[in-house]
Amino acid sequence: MARTNAGPGKIAFGLAFVFAVIAACGGAKYPNCDNDDDCNKDGHTGFCVNTKCVACKDDSTCGAGKKCDSGACVAVIGYCDDKTTCPGGAPCSGNKCGAPVTAAPHECGDDKPCASGQKCENGHCVAPINGGAQCSDFPAPTFDFESPTLRDATTSTLHRLVGCLTTGPLKGSRVLLTGHCDDRGEYEYNMGLGAERSETVKTFLTSAGVGADRVATSSRGKLDATGKDEAGYEHDRRVDIEIR
């Protein structure tokens, strides 16, 4: 049998050709991948998840206000921040939009008195609370200027309210929380701030065991503000508690 003698040059050329073919044919092709590098070349960007290139692999790889859903970044419904405001002036807390801001309806006033034994409060005719010595009077929590944060001094009243609503004589009753502001600032801003204040009190109550379906919130902003000095402003910055 004749033996063919391949020179070093031919062998080197052959090996180079084989390696070139392997390089050209080997490796995953987009959108398939073996690692993130396969997803970030030839103008593509992304992450390799289960051998497929996707736009994201978790929420942290999406921008603010978006979440990762099946490999795609989608907008988070109800997200808010300093640049993304809530519709209708609704309050923003923890990057989540609260309930839409609406003014409490005006059912009574100087020209529309309440029935005997009732009083007009926040536009509602309110009957006296019959809850005994500890469950009949709940002073309105007050707030610092432009703040929706509860003061420590007001939480004792709210703890008492929780007890009255969960195990006390007001068990089963509903609550309406109406947020107020002093008259400094724009109407829309104060409507939103009043709503934030009432939502803050609602969060306190529901976190302590009161059912969320028993607590309604509203805002009157600065509509009822009467303060002319700091003492008056202090009174205006409150959340009225109405047992219904």
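Residues numbered from 1 in each chain as written. Predicted model: local features only at pLDDT ≥ 70, side-chain atom pairs only at ≥ 80, totals over all residues. Heavy atoms only, no water.

Caption draft 1: Layout of the packing of aromatic side chains. The tally for this structure, following the rule as stated, stands at zero aromatic pairs. A cation over a ring is seen here: Arg-184 above Tyr-233, with NZ or CZ 3.9 Å from the ring centre. (Phe/Tyr/Trp six-rings, centres within 6.5 Å; stacked < 30°, edge-to-face > 60°. Lys NZ or Arg CZ within 6 Å of the ring centre and 35° of its normal.)

Caption draft 2: Focus on the side chain of Arg-220. Among the structural elements, Arg-220 can be located in strand β10 (residues 215-221). Judged by its relative accessible area of 6%, Arg-220 falls in the buried class. In this structure the side chain of Arg-220 is engaged in a polar contact, spanning 2.6 Å, whose partner is the side chain of Asp-224. (Helix = DSSP H or I, 4+ residues; strand = E, 2+ residues; numbered from the N terminus. Buried < 20%, exposed > 50% of the residue type's maximum accessible area, 1.4 Å probe, protein only. Polar contact = N/O pair within 3.5 Å; in protein donor to acceptor, adjacent residues only side chain to side chain.)

Caption draft 3: Examining the sheet that holds β10 more closely. One open sheet accounts for three strands, arranged β10-β9-β11; its pairing is mixed. Two strands bound the open sheet, and with one partner strand each, they are β10 and β11 (239-243). Geometrically, the sheet is characterised by an average inter-axis angle of 20° between neighbouring strands, direction not taken into account. With five bridges connecting them, strand β9 (residues 175-180) and β11 associate as antiparallel partners. (Pairing = 2+ DSSP bridges. Axes fitted to C-alpha atoms, helices over the stretch in contact; angles between N-to-C directions.)

Caption draft 4: Region of interest: the pairing of strand β3 (residues 66-69). Taken together, the four bridges between β3 and strand β4 (residues 72-75) define a ladder with antiparallel strand orientation. Of the residues in β4, the one forming a bridge with Asp-69 is Ala-72. Counted along the chain from β3 to the antiparallel partner β4, the turn is two residues long, and its residue Ser-70 has a positive phi close to 55°.

Caption draft 5: Geometry of the environment of Lys-57. If you trace the backbone, Lys-57 turns up in the loop between β2 (52-54) and β3. On the basis of relative accessibility, which here comes to 48%, the residue Lys-57 falls in the partly exposed class. What Lys-57 contacts, discounting residues up to four positions off in sequence, is Asp-36, Phe-47, Val-49 and Cys-68. (Contact = heavy atoms within 4.5 Å.)

Caption draft 6: Just unusual backbone geometry, in detail. Geometrically, the link from Tyr-30 to Pro-31 is a cis peptide bond, its omega value of 10° lying close to zero. Look at Asp-42: it is not a glycine, yet its phi comes out positive at around 55°. Within the element layout of this structure, Asp-42 appears in the loop between α1 (8-25) and β1 (47-49). Exposure remark for Asp-42: the relative accessible area of 71% places this residue in the exposed category. For Thr-51, which is not a glycine, the phi torsion comes out positive at approximately 65°.

Caption draft 7: Here's a closer look at the packing of helix α2 (residues 155-166) against helix α3 (residues 187-207). Close contact between α2 and α3 brings their axes to 10 Å; oriented N to C, the two are set at 50°. As summarised for this structure, α2 and α3 are arranged oblique, according to the angle between their axes. Here the hand of the crossing between α2 and α3 comes out right-handed. In this structure, α2 contributes Thr-155, Leu-158, His-159, Leu-161 and Val-162 to the contact, and α3 contributes Val-201, Phe-204 and Leu-205. Among the residues forming the contact of α2 with α3, the class breakdown is six nonpolar, two polar and no charged. (Parallel < 35°, antiparallel > 145°, perpendicular 65-115°, else oblique. Left-handed = near helix turned anticlockwise from the far one by under 90°. Nonpolar A, V, L, I, M, F, W, Y, C, P; charged D, E, K, R; others polar.)

Caption draft 8: Representation of the layout of surface pockets within the structure. One number sums up the size of the largest pocket: a volume of about 300 Å³. Examining the composition of the lining of the largest pocket, we find that four residues originate from one element, α3, more than from any other. Its residues assigned to classes, the lining of the largest pocket shows six nonpolar, four polar and four charged. Space inside the second largest pocket adds up to approximately 230 Å³. As for the second largest pocket, its lining consists of 15 residues, and the residues nearest its centre are Lys-119, Glu-121, Ile-129, Asp-137 and Ile-241. When contributions to the lining of the second largest pocket are tallied by element, the ones reaching two or more residues are β7 (119-121) and β11. It is β11 that provides the largest number of residues to the lining of the second largest pocket, a total of three residues. When its residues are assigned to classes, the lining of the second largest pocket shows eight nonpolar, two polar and five charged. (1 Å grid on protein atoms, 1.4 Å probe; cavity = no way out; pocket = protein on both sides within 12 Å on 5 of 7 lines; lining within 4 Å. Points joined across faces, edges and corners; volume = space filled by probe spheres on them.)

Caption draft 9: Summary view of the nonpolar core. Core analysis: the biggest nonpolar cluster contains 20 residues, and Phe-138, Leu-161, Leu-177, Val-201, Leu-205, Ile-241 and Ile-243 have the highest contact counts within it. Of all the secondary-structure elements, those providing two or more residues to this core are α2, β9, α3 and β11. Broken down by element, this core gets its largest block of residues, five residues, from α2. With residues up to four places along the chain from it excluded, the contact list for Leu-205 reads Leu-158, Leu-161, Val-162, Leu-177, Val-210 and Val-215. (Core = buried A, V, L, I, M, F, W, Y, C linked by side-chain atoms within 4.5 Å.)

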